[in-house]
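In case you want the letters, here they are:
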Amino acid sequence: MGLKGTVTYEKTTASNGTCVAVLTMENAPVNALSNGVRTGLDKYIREANSDQSVKAIVVTGAGKAFCAGADISEFSSGMDGPNLDA
């Protein structure tokens, strides 16, 4: 079974010419931090941090919500994947 939720990564240029990485959490309806979202954030934050052209990282949520927090459906089975420690 695949991971629940994803993150997309796009590089864009701000109006001042700065390269910005935009990470969009996609886990409808409220972009909860599921295993798939945590895995995507971990992967793409590392990727953006290692890219010398990226000067800023923006994290946003798809749809109407940024992020509701933890995916409580994972509480009973235990949390797999990265825990997003600093």
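The paragraphs below set out a description of the structure included in this document. (Residues numbered from 1 in each chain as written. Predicted model: local features only at pLDDT ≥ 70, side-chain atom pairs only at ≥ 80, totals over all residues. Heavy atoms only, no water.)

1. Some words on the overall build of the protein
At step 1: A tally of helices and strands in the protein yields 1 helix and 3 strands.
At step 2: Across its three principal directions, the C-alpha atoms of the protein cover 45 × 25 × 25 Å.
At step 3: When burial is assessed residue by residue, the protein has 31% of its 86 residues classed as buried.
At step 4: For the protein, long-range pairs separated by at least 24 residues make up 67% of all intrachain contacts whose partners lie at least 6 apart in sequence.
At step 5: Of the roughly 5,500 Å² of accessible surface on the protein, 55% is carried by carbon and sulfur atoms.
At step 6: Across the protein, 7 positive and 9 negative side-chain charges occur, with their mean positions spaced 4 Å apart. (Helix = DSSP H or I, 4+ residues; strand = E, 2+ residues; numbered from the N terminus. Buried < 20%, exposed > 50% of the residue type's maximum accessible area, 1.4 Å probe, protein only. Contact = heavy atoms within 4.5 Å. Areas by Shrake-Rupley, 256 points an atom, 1.4 Å probe, with all protein chains shown as cover. Lys, Arg positive; Asp, Glu negative; His and termini not counted. Charge placed at Lys NZ, Arg CZ, Asp CG, Glu CD.)

2. Comments concerning the pairing of strand β2 (residues 19–26)
At step 1: Counting buried positions along β2 gives 7 out of 8 residues, so the element sits mostly inside the fold.
At step 2: Of the strand pairs in this sheet, strand β1 (residues 6–13) and β2 are connected by 8 bridges, and their pairing is antiparallel. From the neighbouring strand, Val 7 faces β2, where its bridge partner is Met 25.
At step 3: Two successive antiparallel strands, β1 and β2, enclose a turn made up of 5 residues, where Gly 17 displays a positive phi of approximately 90°. (Pairing = 2+ DSSP bridges.)

3. Remarks on the packing of aromatic side chains
At step 1: For the structure shown, the criterion picks out 1 aromatic pair.
At step 2: On the numbers, 5.2 Å between centres and 25° between planes, the contact of Tyr 9 with Tyr 44 is stacked. Taken together, the residues span a long stretch of sequence, with Tyr 9 in strand β1 and Tyr 44 in helix α1 (residues 35–50) at a distance of 35 residues. (Phe/Tyr/Trp six-rings, centres within 6.5 Å; stacked < 30°, edge-to-face > 60°.)

4. Let's talk about the environment of Ile 45
At step 1: Assignment of secondary structure puts Ile 45 in helix α1.
At step 2: Here Ile 45 falls in the partly exposed class, since its relative accessible area comes to 31%.
At step 3: As a C-alpha pair, Ile 45 and Thr 13 span 32 residues in sequence and 17 Å in three-dimensional space.
At step 4: Apart from residues no more than four positions distant in its own chain, Ile 45 is found in contact with Leu 23 and Ile 57.

Treat this as a map of the structure, not an account of what it does.
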